[in-house]
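Spelled out from the first residue to the last, the chains are:
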Amino acid sequence: MIIILLGPPGAGKGTQAKKISEKFSLPHISTGDMLRDNIIRNTALGIKAKSYMDKGELVPDDLLLDIIKVRLSEPDCSSGFLLDGYPRTLAQADALGKILDNTGKEIDVVLNIHVDDEELINRLSGRRMCSCGASYHVLFNPPKKEGICDSCNGELYQRNDDTPETVKNRLAAYKKLTEPLIDYYNKKALLHTIDGGKDIPGIFGDIAKVLEEI
Ligand code: AP5
Ligand code: MG
């Protein structure tokens, strides 16, 4: 099964992707996580991407193409995968279409997680991350001990791009460049819109229902 998760910053793509990946045994491919990993490792891609990400702008399409091509050709993706944060522009959607055509694969479903702007800002301002990959929210999904990761006891931190000014730019980039993908995939009859305003288990229940029918 090939699934695309679409939705604005803070919609809960990463949170739901973890749960989908576990239940349906699919590799979770997050371009945001891949870029942050490149930044930590100080690669050429990471150095270029950082300047865009810190401002809340999208990284140029051509910088993403190689890493996504390589990742999708890895053995664990042979029978399906879950894309979180890719594609994010019409050019990326076309590029992904070509990669899949060349390998005889097709997208099964695009899950569009819809959340109002005010709620997105609340979610991003309260998000806390751990270097092990776990993600929390100070109010909506708190760790057992404040500031400490439940899984690895690591110290939680706030993402660089979760500051109010950067969040404003990320939402603007989403509306200008990513929102047109809703129409793009709707025309291909692949789109399912999910009410992302519910609690985390409620949203996952709705997503699981859609996926079980495919
Ligand atoms: P990326 O890391 O993908 O960030 P994003 O799309 O802005 O989305 P987020 O990860 O911030 O939010 P999310 O939807 O995953 O929400 P989460 O589950 O964490 O990309 C970062 C940057 O990388 C981009 O700005 C761009 O520069 C670059 N980039 C990445 N991919 C690119 C591409 N393809 N092309 C170009 N550039 C690219 O949840 C958020 C918070 O809410 C958490 O605290 C969580 O606990 C909480 N929460 C989740 N669900 C709920 C709920 N139902 N109720 C209450 N709280 C909830
Ligand atoms: Mg995410």
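Parameters at a glance
- Each chain carries its own residue numbering, running from 1 in the written order of its sequence.
- As they are written, the chains are lettered A onward and the ligands numbered 1 onward, keeping that order.
- Side-chain atom pairs in this predicted model are given and counted only at pLDDT of 80 or more, local residue features only at pLDDT of at least 70, and totals for whole chains, interfaces and linings cover all residues.
- Remark: hydrogens and water are excluded; side-chain values derive from all non-hydrogen atoms of the structure.
- Runs of H or I in DSSP of at least four residues are treated as helices and runs of E of at least two as strands, each being numbered from the N terminus.
- Restricting the calculation to C-alpha atoms gives the radius of gyration, and the globule rule supplies 2.2 Å times the number of residues raised to the power 0.38.
- Burial status follows relative accessibility: with a 1.4 Å probe on protein chains alone, a residue under 20% of its type maximum counts as buried, one over 50% as exposed, and anything between as partly exposed.
- Between two residues, a contact is recorded if the distance between any of their heavy atoms is within 4.5 Å.
- As used throughout, the charge tally considers Lys and Arg to be positive and Asp and Glu to be negative, leaving His and the chain termini uncounted.
- To locate a charge, take atom NZ for lysine, CZ for arginine, CG for aspartate or CD for glutamate.
- Here, proximity means that at least one heavy atom of the residue falls within 4 Å of the molecule or strand.
- Polar contacts here mean pairs of N or O atoms no more than 3.5 Å apart (in protein, one a potential hydrogen donor and the other a potential acceptor; neighbouring residues in sequence count only if both atoms are side-chain atoms).
- Each residue gets one of three labels, nonpolar for Ala, Val, Leu, Ile, Met, Phe, Trp, Tyr, Cys and Pro, charged for Asp, Glu, Lys and Arg, and polar for the others, Gly among them.
- Given the number of residues in a helix, its expected span is that number minus one, multiplied by 1.5 Å.
- It is the directions from the helix axis to the C-beta atoms whose arc is reported.
- Only residues above 30% relative accessible area that lack a salt bridge enter a patch, with like-charged residues linked at up to 9 Å and the nonpolar side chains Val, Leu, Ile, Met, Phe, Trp and Tyr linked at up to 5 Å.
- Where accessible areas are quoted, they stem from the Shrake-Rupley method and a 1.4 Å probe; at the residue level, only the protein chains shown are allowed to cover.
- Throughout this description, the term salt bridge denotes a Lys or Arg side-chain nitrogen within 4 Å of a carboxyl oxygen of Asp or Glu.
- Each Phe, Tyr or Trp ring, with Trp reduced to its six-membered ring, pairs with another whose centre is within 6.5 Å; inter-plane angles below 30 degrees give stacked pairs, above 60 give edge-to-face pairs, and intermediate values give tilted ones.
- Cation placement over rings: the criterion is NZ of Lys or CZ of Arg within 6 Å of the ring centroid and within 35° of the ring normal.
- At least two DSSP bridges between two strands are required for those strands to pair.
- For every element, the axis is a line fit to its C-alpha atoms; helices are fit only across the contacting stretch, and the angle between N-to-C directions ranges from 0 to 180 degrees.

1. A closer look at the overall build of the protein chain
Looking only at helices and strands, one finds nine helices and seven strands in the protein chain. A compact globule built from 214 residues would reach a C-alpha radius of gyration of about 17 Å, and the protein chain, at 17 Å, matches this within 12%. Structurally, the protein chain occupies a C-alpha span of about 45 × 40 × 35 Å along its principal axes. With 214 residues in all, the protein chain has 46% of them scored as buried. Nonlocal contacts in the protein chain, meaning residues at least 24 apart in sequence, comprise 70% of its contacts between residues at least 6 apart. Where the 28 positive side-chain charges of the protein chain centre and where its 32 negative ones centre are 2 Å apart.

2. Considering the site of ligand 1
Thr15, Glu57, Arg88, Arg127 and Arg170 are the nearest of the 35 residues found near ligand 1. At 2.6 Å, a side-chain N or O of Arg170 approaches an oxygen atom of ligand 1. The set of elements that each furnish at least two residues to the shell around ligand 1 consists of α1 (13–24), α2 (31–40), α6 (117–125), β6 (135–137) and α9 (200–212). Among the residues forming the shell around ligand 1, the class breakdown is 14 nonpolar, 10 polar and 11 charged.

3. A closer look at helix α7 (residues 164–178)
Relative to the 21 Å expected for 15 residues at 1.5 Å per residue, α7 spans 20 Å between its end C-alpha atoms, a close match to the ideal helical length. Of all the residues in α7, the buried ones are Thr166, Val167, Arg170, Leu171, Ala173, Tyr174 and Thr178. Viewed along the axis of α7, the buried residues span an arc of 160°, placing them on a single side of the element. Looking at α7, the residues exposed on the side facing more than 90 degrees away from the buried face are Pro164, Lys168 and Lys176. Those residues of α7 that are buried are in contact with β1 (2–6), α3 (44–55), β4 (109–114), α6, β5 (127–129) and α8 (180–187).

4. Some remarks on a nonpolar patch on the surface
Among the surface-exposed residues, Val138, Leu139 and Phe140 lie close enough to one another that they form a single nonpolar patch of about 320 Å² accessible area. Mapped onto the elements of the fold, Phe140 is located in the loop between β6 and α7.

5. A word on the side chain of Thr43
By the secondary structure assignment, Thr43 is in the loop between α2 and α3. A polar atom in the side chain of Thr43 sits 2.7 Å from the side chain of Asn38.

6. Observations concerning the packing of aromatic side chains
For the coordinates displayed, the defined rule picks out one aromatic pair. Measuring from centroid to centroid gives 4.9 Å for Tyr184 and Tyr185, while their planes differ by 85°, and the two rings are edge-to-face. The class for Tyr185 is buried, based on a relative accessible area of 1%. Between Lys19 and the ring centre of Phe204, over which it is positioned, the NZ or CZ distance is 5.6 Å. Sitting over the ring of Tyr184, Lys188 keeps its end group 5.0 Å from the ring centre.

7. Side note on the sheet that holds strand β3 (residues 81–84)
Within a sheet, each strand pairs with its neighbour through backbone hydrogen bonds, oriented either parallel or antiparallel. The strand order across the open sheet built from five strands is β2-β3-β1-β4-β7, with neighbouring strands paired in parallel fashion. Because the sheet does not close on itself, it has two edges, and the strands there are β2 (28–30) and β7 (191–195). The sheet shows a mean angle of 20° between the axes of neighbouring strands, taken without regard to direction. In terms of strand pairing, β1 meets β3 through four bridges, oriented parallel. Opposite Ile3, over in β3, you have Leu82 as the bridge partner.

8. Observations regarding the side chain of Asp161
Of note, Asp161 is situated in the loop between β6 and α7. Since its relative accessible area comes to 10%, Asp161 is described here as buried. At 2.9 Å, the side chain of Asp161 forms a polar contact with the side chain of Arg159.

9. Here's the deal with the pattern of salt bridges
Tallying each qualifying case throughout the model produces 15 salt bridges. For the salt bridge of Asp37 with Arg41, the shortest nitrogen-to-oxygen distance reads 3.0 Å. Taking relative accessible area as the criterion, Asp37 reaches 35% and is therefore assigned partly exposed. One salt-bridge network, held together by shared partners, links Arg127, Arg159, Asp161, Asp162 and Arg170.

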